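Chain and residue survey
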Amino acid sequence: EDQVTQSPEALRLQEGESSSLNCSYTVSGLRGLFWYRQDPGKGPEFLFTLYSAGEEKEKERLKATLTKKESFLHITAPKPEDSATYLCAVSYGNNRLAFGKGNQVVVIP
Amino acid sequence: DAGITQSPRHKVTETGTPVTLRCHQTENHRYMYWYRQDPGHGLRLIHYSYGVKDTDKGEVSDGYSVSRSKTEDFLLTLESATSSQTSVYFCAISEVDRSFQYFGAGTRLSVL
């Protein structure tokens, strides 16, 4: 059973069309939730860390939120350069870290 | 890539040969990790290190070994490469264990 599930797997957006990505987790003892951006052929690039329910972080057109069982990455008025795969990871329990499979986002001009 | 260099960036090898991948950091971070990334799977931890000569297994460690003789270098060795080890390998570093990590650019390995 996957401990971290990201949905939708793939998303095509028109430029300017806002949307949200979901990361749900089933682990207990959450120590932190991380969002990364990964471009083709490159390593993941760190975006945000969230530690407790209710916490929010923003960076340009991206906003990450956290509840007790899921996190959302909101993309507001996306541009083509926001096209990437977004990865979610959770740190939990006794020094464990689990990654989701990613949300592949394509923004069409 | 936050002072992380992986080498080589691409490698093609034959089944049964040993392969060593290198990760070099200039950030002086204590923790270093090796992951593999495959289609249909999230990043999966192979091995990690919490200090010089201190290493431990991750969730997919079979067929891999690691060594860390200096803070800045973490080596991943495939003792006898198999086709199932064809993958993209990423090195990552962090200041705090299992906290947010900085990733290298990756090594694409093909085992024929």
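Bear in mind the structure is a predicted one, so any value in this text is a computation, not a measurement.

With that settled, consider the interface of chain A and chain B. Listed as interface residues are 19 residues of chain A and, on the opposing side, 16 residues of chain B. In total, about 1400 Å² of surface goes out of reach between chain A and chain B, with carbon and sulfur atoms giving 55% of it. Along the contact surface separating chain A from chain B lie zero salt bridges. Contributing elements (two or more residues each) for the side of chain A that touches chain B: strand E4 (30-38), strand E5 (45-50), strand E9 (84-92) and strand E10 (96-99) of chain A. Considering each element in turn, the side of chain A that touches chain B owes the most residues, four residues, to E4 of chain A. For the side of chain A that touches chain B, a count of residues per class yields eight nonpolar, seven polar and four charged.

Let us look at the layout of surface pockets. Each pocket or cavity is described by its volume, and for the largest pocket that value is around 820 Å³. Contributing to the lining of the largest pocket are 35 residues, with Gln38, Thr85 and Lys101 of chain A together with Gln37 and Pro39 of chain B lying nearest its centre. Among the secondary structure elements, those contributing two or more residues to the lining of the largest pocket are strand E1 (4-7), E9 and strand E11 (103-108) of chain A together with strand E9 (87-94) and strand E11 (107-111) of chain B. Each residue belonging to the lining of the largest pocket can be placed in one class, and the counts come to ten nonpolar, 17 polar and eight charged.

Time to look at the pattern of salt bridges. Residues and elements named next belong to chain B. Per the stated rule, a full pass over the model turns up eight salt bridges over all chains. Residues arginine 22 and aspartate 73 are paired through a salt bridge, measuring 3.1 Å at the closest nitrogen-oxygen approach. Highlighted residues: arginine 22 in strand E3 (residues 19-25) and aspartate 73 in strand E8 (residues 73-78), separated in sequence by 51 residues. Residue class for arginine 22 comes out partly exposed when judged on its relative accessible area of 34%. Relative accessible area serves as the criterion here: at 8%, aspartate 73 is assigned to the buried category. Taken together, the salt bridges that share partners define one network made up of Arg22, Lys70 and Asp73.

Moving on, we come to the pairing of E5 of chain A. Residue and element names in this part refer to chain A. In terms of strand pairing, E4 meets E5 through five bridges, oriented antiparallel. Paired with leucine 33 across the two strands is leucine 50, which belongs to E5. Linkage of E4 to E5, two consecutive antiparallel strands, is achieved through a turn of six residues, within which glycine 41 is found at a positive phi near 75°.

Let's shift gears to the nonpolar core. One finds Leu21, Leu33, Trp35, Leu73, Tyr86 and Val90 of chain A to be the most contacted residues of the largest nonpolar core, which totals 25 residues. When contributions to this core are tallied by element, the ones reaching two or more residues are strand E2 (10-14), strand E3 (19-25), E4, E5, strand E7 (62-66), strand E8 (70-75), E9 and E11 of chain A. For this core, the element with the highest residue contribution is E9 of chain A, accounting for five residues. Contacts of leucine 33 of chain A, omitting those with residues within four sequence positions, involve Cys23, Tyr25, Phe48, Thr49, Leu50, Leu66, Ser71, Cys88, Ala89 and Val90 of chain A. Counting residues in each nonpolar core, the second largest holds 19 residues, with Leu21, Cys23, Val60 and Tyr89 of chain B among its members.

Let's shift gears to the state of the cysteines. Residue and element names in this part refer to chain A. With the rule as written, the count across this model stands at two disulfides over all chains. Across a sulfur-sulfur distance of 2.0 Å, cysteine 23 and cysteine 88 are joined as a disulfide pair. The sign of the S-S torsion, about -65°, decides the handedness of the disulfide formed by cysteine 23 and cysteine 88: left-handed. Taken together, the residues span a long stretch of sequence, with cysteine 23 in strand E3 and cysteine 88 in strand E9 at a distance of 65 residues.

Calculation notes
- Residues numbered from 1 in each chain as written.
- Chains lettered and ligands numbered in written order.
- Predicted model: local features only at pLDDT ≥ 70, side-chain atom pairs only at ≥ 80, totals over all residues.
- Heavy atoms only, no water.
- Contact = heavy atoms within 4.5 Å.
- Buried area = accessible area lost by both parts, 1.4 Å probe.
- Salt bridge = Lys/Arg side-chain N within 4 Å of Asp/Glu carboxyl O.
- Helix = DSSP H or I, 4+ residues; strand = E, 2+ residues; numbered from the N terminus.
- Nonpolar A, V, L, I, M, F, W, Y, C, P; charged D, E, K, R; others polar.
- 1 Å grid on protein atoms, 1.4 Å probe; cavity = no way out; pocket = protein on both sides within 12 Å on 5 of 7 lines; lining within 4 Å.
- Points joined across faces, edges and corners; volume = space filled by probe spheres on them.
- Buried < 20%, exposed > 50% of the residue type's maximum accessible area, 1.4 Å probe, protein only.
- Pairing = 2+ DSSP bridges.
- Core = buried A, V, L, I, M, F, W, Y, C linked by side-chain atoms within 4.5 Å.
- Disulfide = S-S within 2.5 Å.

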